[in-house]
Amino acid sequence: MTMEQNVELITTDGISIAASYFKGESTKGIIFLHQLASSKESWNKLINELTEYHMIAIDLRGHGASDLEWGSFNDKDFNNMINDIEAAEKYLKEKKVTEIGIIGASIGANLAIKYGVDHNLKTVVALSPGLNYRGIDIDENSAMLNIPTLIVVGDGDGYSTETSSTIYGSIPNEEKELLELHNKLHGVNMLDKALINKIKEWLKKYL
């Protein structure tokens, strides 16, 4: 595993965010956003396979070692997680990273899509997004996401399966793909060798 450095990020609204930073060998970087009730460590299997990139995996507010408790959050609190991503992007730029991609799972996938609309990212990889998770409504956001986007969903994953095709269809960028796997798994639980290789190929092409 590439060398991990534990860092603390402070958001513009004063929240302490725990993060793990992994130094890469290029000017390219990746931000990782976990799913609800999870933590930055959930990405370790994928991070181990992407050592050429600078990477930062964060504990979203209310999770892991970061401030607050997500169980008491309202929709506005969940949407304020955007500030956590901004802090992570700022950290990567301080490391001279110039090209940034973002990978998210479930609610993290929704955040990745929402963030990709208003920020200068190279690509988004969204595992098990849904039209609305905890008030993070991405219907209008996805219609403005004009960067290469990979959406991955299990074909038996209920709400995510039902809404991913709508999200995919609304993305205007021609460089997009909806990958439907034959399982009922959600988010990072889909990360087997085949999917990891697919993500590696996607990043090599678009990041």
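This report concerns the structure included in the present document. Bear in mind that the values here come from a model prediction, so they are computed numbers and not experimental data.

Here helix 4 (residues 107–118) is 12 residues long and its end C-alpha atoms lie 18 Å apart, about the 16 Å a rise of 1.5 Å per residue gives. For helix 4, the tally of buried residues reaches 10 of 12 residues, placing the bulk of the element in the interior. Considered for burial, the residues of helix 4 that qualify are Ile107, Gly108, Ala109, Asn110, Leu111, Ala112, Ile113, Tyr115, Gly116 and Val117.

This brings us to the layout of surface pockets. Approximately 150 Å³ is the volume found for the largest pocket. Lining the largest pocket are Leu9, Ile10, Thr11, Thr12, Asn83, Glu86, Ala87, Lys90, Tyr91 and Glu94. For the lining of the largest pocket, the secondary-structure elements that each account for two or more residues are strand 1 (4–10) and helix 3 (82–94). Looking at the lining of the largest pocket element by element, the count peaks at six residues for helix 3. Split by residue class, the lining of the largest pocket holds four nonpolar, three polar and three charged.

The next thing to look at is the environment of glutamate 52. Relative to the assigned elements, glutamate 52 resides in the loop between helix 1 (44–47) and strand 4 (54–58). Leaving out residues up to four positions away in the same chain, glutamate 52 has contacts with Gly24, Glu25 and Ser26.

Another aspect to go through is the sheet that holds strand 10 (residues 176–181). The mixed open sheet is built from eight strands, whose spatial order is 1-2-4-3-5-6-9-10. Strands with a single pairing partner mark the edges of an open sheet, and in this sheet they are strand 1 and strand 10. Taking the axes of each pair of neighbouring strands and ignoring which way they run, one obtains an average angle of 20 degrees across the sheet. Two strands pair when backbone bridges link them, and strand 3 (residues 28–33) and strand 4 are joined in this way by five bridges, in the parallel orientation. Bridging from a neighbouring strand, leucine 33 pairs with isoleucine 58 of strand 4. Against the sheet, helix 6 (residues 158–170) engages strand 9 (149–154) and strand 10, with an angle of about 165 degrees to strand 9. Relative to strand 6 (residues 123–127), helix 7 (residues 193–206) is tilted by about 165 degrees, and along the sheet it contacts strand 3, strand 5 (99–105), strand 6, strand 9 and strand 10.

We now examine unusual backbone geometry. For residues other than glycine, phi is negative in most cases, and the peptide bonds are mostly trans. One non-glycine residue, serine 106, lies in positive phi territory at about 60 degrees. As for its position among the elements, serine 106 is in the loop between strand 5 and helix 4. Owing to a relative accessible area of 9%, serine 106 belongs among the buried residues under this scheme.

Rules of the game
For every chain, the first residue of its written sequence is number 1, and the numbers climb from 1 along that sequence. It should be noted that, the model being predicted, local features are given only for residues of pLDDT at least 70 and side-chain atom pairs only at 80 or more, the latter also being counted only at that level, while totals for whole chains, interfaces and linings use all residues. Note that the side-chain values use all heavy atoms of the structure and ignore hydrogens as well as water. Numbering of helices and strands runs from the N terminus; a helix is a DSSP stretch of H or I covering at least four residues, while a strand is a stretch of E covering at least two. Each residue after the first adds 1.5 Å to the expected span of a helix. Each residue is placed in one exposure class: buried if its accessible area under a 1.4 Å probe, protein chains only, is under 20% of its type's maximum, exposed if it is over 50%, and partly exposed if it falls in between. Points on a 1 Å grid, built from protein atoms alone, make a cavity when a 1.4 Å probe fits but cannot get out and make a pocket when they are open with protein on both sides within 12 Å along at least 5 of 7 lines; residues with an atom within 4 Å of a point are the lining residues. Grid points are joined across faces, edges and corners, and a volume is the space filled by probe spheres set on the points. Each residue is assigned to one class: nonpolar for Ala, Val, Leu, Ile, Met, Phe, Trp, Tyr, Cys and Pro, charged for Asp, Glu, Lys and Arg, and polar for all the others, Gly among them. In what follows, a contact means two residues having at least one pair of non-hydrogen atoms within 4.5 Å. Any two strands between which DSSP finds at least two bridges are classified as paired. Every angle, taken between N-to-C directions, lies between 0 and 180 degrees, and every axis is a line fitted to C-alpha atoms, over only the stretch in contact when it is a helix.

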